[in-house]
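Observations on the three-dimensional arrangement
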Amino acid sequence: MANIRKKHGAEFKAKVALAAIREDGTVAELSGKDGVHASQVHAWKEVVQDGVAALFAGDKGGARHEAEDKTKLTELHAKIGQLTMERDFFRERSGA
């Protein structure tokens, strides 16, 4: 089965992250309602919390790039985990 990745816009990510910060529901509830994995909700929430201080520091561009980098890193870690599981599965099936 092919893994279809959704591309979420900045507004959607901000909405989900702010809902998590405001505790509008549990992370599990928010992830189910918005159709994203719970770890992604945690990652977006962390990006917002880490980036808030930079908004007042005057380096708006740097904060945005840092947030984008952190999101990309989270996505890459998820992909590494997926590929590791697939590799292990096929290794088991081949008897190696």
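Look up: the structure comes first, before these words.
Below or above, wherever it landed, is the structure these notes cover. As the structure is a computational prediction, the values presented were derived from the model and not from experiment. (Residues numbered from 1 in each chain as written. Predicted model: local features only at pLDDT ≥ 70, side-chain atom pairs only at ≥ 80, totals over all residues. Heavy atoms only, no water.)

**A word on the overall build of the protein chain**
Short version of the rule: Every helix listed is a DSSP run of H or I at least four residues long, and every strand listed is a run of E at least two residues long, numbered separately from the N terminus. To sort residues, take the accessible area from a 1.4 Å probe on protein chains only and compare it with the maximum for the residue type: under 20% means buried, over 50% means exposed, and anything in between is partly exposed. The Shrake-Rupley method, run with a 1.4 Å probe sphere, supplies the accessible areas, and residue values consider only the shown protein chains as cover.
Secondary structure summary: the protein chain contains four helices and zero strands in total. From first element to last, N terminus to C terminus, the protein chain shows the α and β order α-α-α-α. Counting over 96 residues, the protein chain shows a buried share of 17%. Per element, the accessible surface of the protein chain, about 7400 Å² overall, is 58% carbon and sulfur.

**Observations regarding helix α2 (residues 27-34)**
Let me state the cut-off plainly: Relevant arc is that of directions from the helix axis to the C-beta atoms, nothing else. The contact rule is simple, with two residues in contact once any of their heavy atoms fall within 4.5 Å.
Three or more residues of α2 are buried, namely Val27, Leu30, Ser31 and Asp34. Each buried residue of α2 sits inside an arc of 95° when the element is viewed along its axis, so together they form one side. More than 90 degrees from the buried face of α2, the exposed residues found are Ala28, Glu29, Gly32 and Lys33. Those residues of α2 that are buried lie in contact with α1 (10-21) and α3 (38-57).

**Describing the packing of aromatic side chains**
Put simply, the rule is: Side-chain rings of Phe, Tyr and Trp, where Trp is taken by its six-membered ring, are said to pair if the distance between their centres is within 6.5 Å; with planes under 30 degrees apart they count as stacked, over 60 as edge-to-face, and otherwise as tilted.
Applying the stated rule across the entire model yields two aromatic pairs. Relative to Trp44, the ring of Phe12 lies with its centre 6.0 Å away and its plane at 85°, an arrangement referred to as edge-to-face. Of this pair, Phe12 sits in helix α1 while Trp44 sits in helix α3, and the two are 32 residues apart along the sequence. Judged by relative accessible area, Trp44 falls into the buried class, the value being 4%.

**A closer look at a nonpolar patch on the surface**
Here is the rule we go by: For patch detection, residues must exceed 30% relative accessible area and be free of salt bridges, and they are connected within 9 Å for like charges or within 5 Å for nonpolar side chains (Val, Leu, Ile, Met, Phe, Trp, Tyr). What counts as a salt bridge is simple: a side-chain nitrogen of Lys or Arg found within 4 Å of a carboxyl oxygen of Asp or Glu.
A grouping of Val52, Leu55 and Phe56 is seen on the molecular surface, where their side chains present a nonpolar patch of about 340 Å² in accessible area. Within the secondary structure, Phe56 sits in helix α3.

**Here's the deal with the side chain of Gln40**
Within the secondary structure, Gln40 sits in helix α3. Using a relative accessible area of 15% as the deciding quantity, one classes Gln40 as buried.

**Observations concerning the pattern of salt bridges**
Applying the stated criterion across every chain yields a total of five salt bridges. A salt bridge links Asp34 to Lys15, with the shortest nitrogen-to-oxygen separation between them at 3.4 Å. Highlighted residues: Asp34 in helix α2 and Lys15 in helix α1, separated in sequence by 19 residues. The partner of Asp24 in a salt bridge is Arg22, with the nearest N and O atoms 2.9 Å apart. Connected through shared salt-bridge partners, Glu46, Asp50 and Lys70 make up one network.

**Describing the packing of α1 against α3**
The geometry of a pair of packed helices is captured by two quantities: the angle between their axes and the separation between those axes. What counts is decided by this rule: Only the contacting stretch of a helix is used when fitting its axis, a line to C-alpha atoms as for every element, and angles between N-to-C directions run 0 to 180 degrees. Any angle between 65 and 115 degrees counts as roughly perpendicular, while under 35 counts as roughly parallel, over 145 as roughly antiparallel, and the rest as oblique. Each residue receives one of three labels: charged for Asp, Glu, Lys and Arg, nonpolar for Ala, Val, Leu, Ile, Met, Phe, Trp, Tyr, Cys and Pro, and polar for the others, Gly being one of them.
The N-to-C vectors of α1 and α3 enclose an angle of 85°; their axes lie 8 Å apart at closest approach. In terms of axis orientation, α1 runs roughly perpendicular to α3. Contacts between α1 and α3 involve Phe12, Lys13, Val16, Ala17, Leu18, Ala20 and Ile21 from the first element and Val41, Trp44, Lys45, Val48 and Gln49 from the second. Among the residues forming the contact of α1 with α3, the class breakdown is nine nonpolar, one polar and two charged.

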